[in-house]
Amino acid sequence: MIVCPILSGSSGNATYVESGSTRLLVDAGGAGRCIETNLRKIGVDPSSLTCLLATHEHDDHIRGLGVLSRRYNLPIYASVGVWDFLIRSARIGEISKRFIKPFLSVKGDVLDLGDIKATYFATAHDECDSVGYVFDDGKSKFGLATDLGHVTPRVRGSLLGCDAVLLESNYDYQSLIKGPYPYPLKQRILSPTGHLDNEDAGKFVAELVRSGVKYIFLGHLSENNNTERLAYDTVSRVLRESGIEPQTTCKIYMTKRYEPSRKLEF
Ligand SMILES: [Zn+2]
Ligand SMILES: [Zn+2]
């Protein structure tokens, strides 16, 4: 399996996943042109994509979905709640009926995407019908969970035992508390249905490493309340406190905001 986050952060998210003849993007939260450019930078022709999946309806995850679907005839998989929003709001423009692929987030079924099977699981995030995914090609498993206020048993059960995981490490607690955000926004981010901070991400990364996860991407960093350094240092410290030396049994990669991150093959 090949995995590469090509956009990551509160400014926009898209992650490329490939195995055999299946080539997909999880989220397309950037301008169509920008996503095409970043795919080409990692040697992927955008016209070779086979499908798109969305985690939820926030703009930093859906901005380029419509353009890419229309340009390359791509089906879009998303939960019923997300599709309901997309159709009502017309946020991503007109999508051909045959490309609308809704699923029930509470059901946690398997999507057959060709050489990759995707399992989705509900995440706790605002009022959204949001999900994370586990991609399985029969040899390797890659799990992705961004935009989650806390790690639910469902999220934990889905991601433990994967080979690689992209996990949100959204904000540094002190930076958020002392920062300029208005109080209601701070409350929203801090809530159990907001975002995961560096400390909680670190604690879950320790669980993931103990379950056998070999590669971690730390992603969806806040532009105002976090830095790559803060996220990496906090997660590394929490790992050491749990008796795990970072970068030994598990490699930790930071994701880039506007550029492709590491292209991982495993
Ligand atoms: Zn987001
Ligand atoms: Zn969100």
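Structure: above.
All of these numbers come straight from a predicted model, not from anything done at the bench.

A separate point is unusual backbone geometry. Phi is positive for asparagine 73, close to 55 degrees, though the residue is something other than glycine. The topology assignment puts asparagine 73 in the loop between α3 (65–72) and β5 (76–79). Judged by its relative accessible area of 48%, asparagine 73 falls in the partly exposed class. Although it is not a glycine, aspartate 126 sits at a positive phi angle of roughly 45 degrees.

For the rest of this paragraph, the subject is the nonpolar core. Core analysis: the biggest nonpolar cluster contains 28 residues, and Leu159, Val165, Val205, Ile216 and Leu239 have the highest contact counts within it. For this core, the secondary structure elements donating two or more residues are α5 (153–159), β11 (164–168), α8 (198–210), β12 (215–219), α9 (228–241) and β13 (251–254). Counting residues per element, this core draws most heavily on α8, which supplies six residues. Sequence-distant contacts of valine 205, that is, excluding residues within four places in its chain, are made with Leu167, Ile216, Leu218, Val235 and Leu239. Listed in part, the 27 residues of the second largest apolar core include Ile6, Leu25, Leu49 and Val82.

Let us now look at the packing of aromatic side chains. Within a pair of aromatic rings, the relevant descriptors are the distance that separates the centres and the angle that separates the planes. Evaluated as defined, the whole model comprises six aromatic pairs. Ring centres of tyrosine 215 and phenylalanine 266 lie 5.9 Å apart, and the angle between their planes is 45 degrees; this geometry places the pair in the tilted category. A residue pair is termed long-range when its members are at least 10 positions apart, and tyrosine 215 in strand β12 and phenylalanine 266 in the segment after β14 (264–265) qualify at 51 residues. You can call phenylalanine 266 buried: its relative accessible area is 19%. Of the aromatic side chains, those joined through ring pairs into one cluster are Phe103, Tyr120, Tyr133, Phe135 and Phe142.

Within the protein, the atoms that donate to the zinc ion (ligand 1) are Asp60 (OD), His61 (NE2), Asp147 (OD) and His220 (NE2), at distances of 2.1 to 2.2 Å. Around the zinc ion (ligand 1), the four donor atoms sit at angles spanning 89 to 169 degrees, and that spread fits a shape best called irregular. When the donor residues of the zinc ion (ligand 1) are listed from N- to C-terminus, their spacing reads D-H-x85-D-x72-H. The metal-metal distance between the zinc ion (ligand 1) and the zinc ion (ligand 2) is 3.4 Å, with aspartate 147 coordinating both. Of this pair, aspartate 60 sits in helix α2 (residues 59–62) while histidine 220 sits in the loop between β12 and α9, and the two are 160 residues apart along the sequence. What makes histidine 220 buried here is its relative accessible area of 1%.

Applying the stated criterion across every chain, the model contains two cavities of 30 Å³ or more. Roughly 70 Å³ of internal volume is contained in the largest cavity. Taken together, Pro5, Leu7, Ser8, Asn13, Ala14, Thr15, Val26, Asp27, Leu144, Thr146, Leu166 and His220 form the lining of the largest cavity. Those elements giving two or more residues to the lining of the largest cavity turn out to be β1 (2–7) and β2 (14–19). Volume-wise, the second largest cavity comes out at about 30 Å³. What lines the second largest cavity is Val209, Leu239, Ile244, Glu245, Pro246, Gln247, Thr248, Thr249, Cys250 and Ile252. When grouped by side-chain class, the residues that make up the lining of the second largest cavity number six nonpolar, three polar and one charged.

Let's shift gears to the coordination of the zinc ion (ligand 2). Coordination of the zinc ion (ligand 2) by the protein comes from His56 (NE2), His58 (ND1), His125 (NE2) and Asp147 (OD), over a distance range of 2.1 to 2.4 Å. Given four donor atoms and angles of 91 to 167 degrees at the metal, the environment of the zinc ion (ligand 2) is assigned as irregular. Spacing between the donor residues of the zinc ion (ligand 2) along their common chain follows H-x1-H-x66-H-x21-D. For histidine 56, a relative accessible area of 1% gives the class buried.

Cut-off values and rules
- Residues numbered from 1 in each chain as written.
- Chains lettered and ligands numbered in written order.
- Predicted model: local features only at pLDDT ≥ 70, side-chain atom pairs only at ≥ 80, totals over all residues.
- Heavy atoms only, no water.
- Helix = DSSP H or I, 4+ residues; strand = E, 2+ residues; numbered from the N terminus.
- Buried < 20%, exposed > 50% of the residue type's maximum accessible area, 1.4 Å probe, protein only.
- Core = buried A, V, L, I, M, F, W, Y, C linked by side-chain atoms within 4.5 Å.
- Contact = heavy atoms within 4.5 Å.
- Phe/Tyr/Trp six-rings, centres within 6.5 Å; stacked < 30°, edge-to-face > 60°.
- Donors = N, O, S within 2.8 Å, 3.2 Å for Na, K, Ca; no water.
- Tetrahedral: all angles 85-135°; square planar, octahedral: opposite > 155°, others 65-115°.
- 1 Å grid on protein atoms, 1.4 Å probe; cavity = no way out; pocket = protein on both sides within 12 Å on 5 of 7 lines; lining within 4 Å.
- Points joined across faces, edges and corners; volume = space filled by probe spheres on them.
- Nonpolar A, V, L, I, M, F, W, Y, C, P; charged D, E, K, R; others polar.

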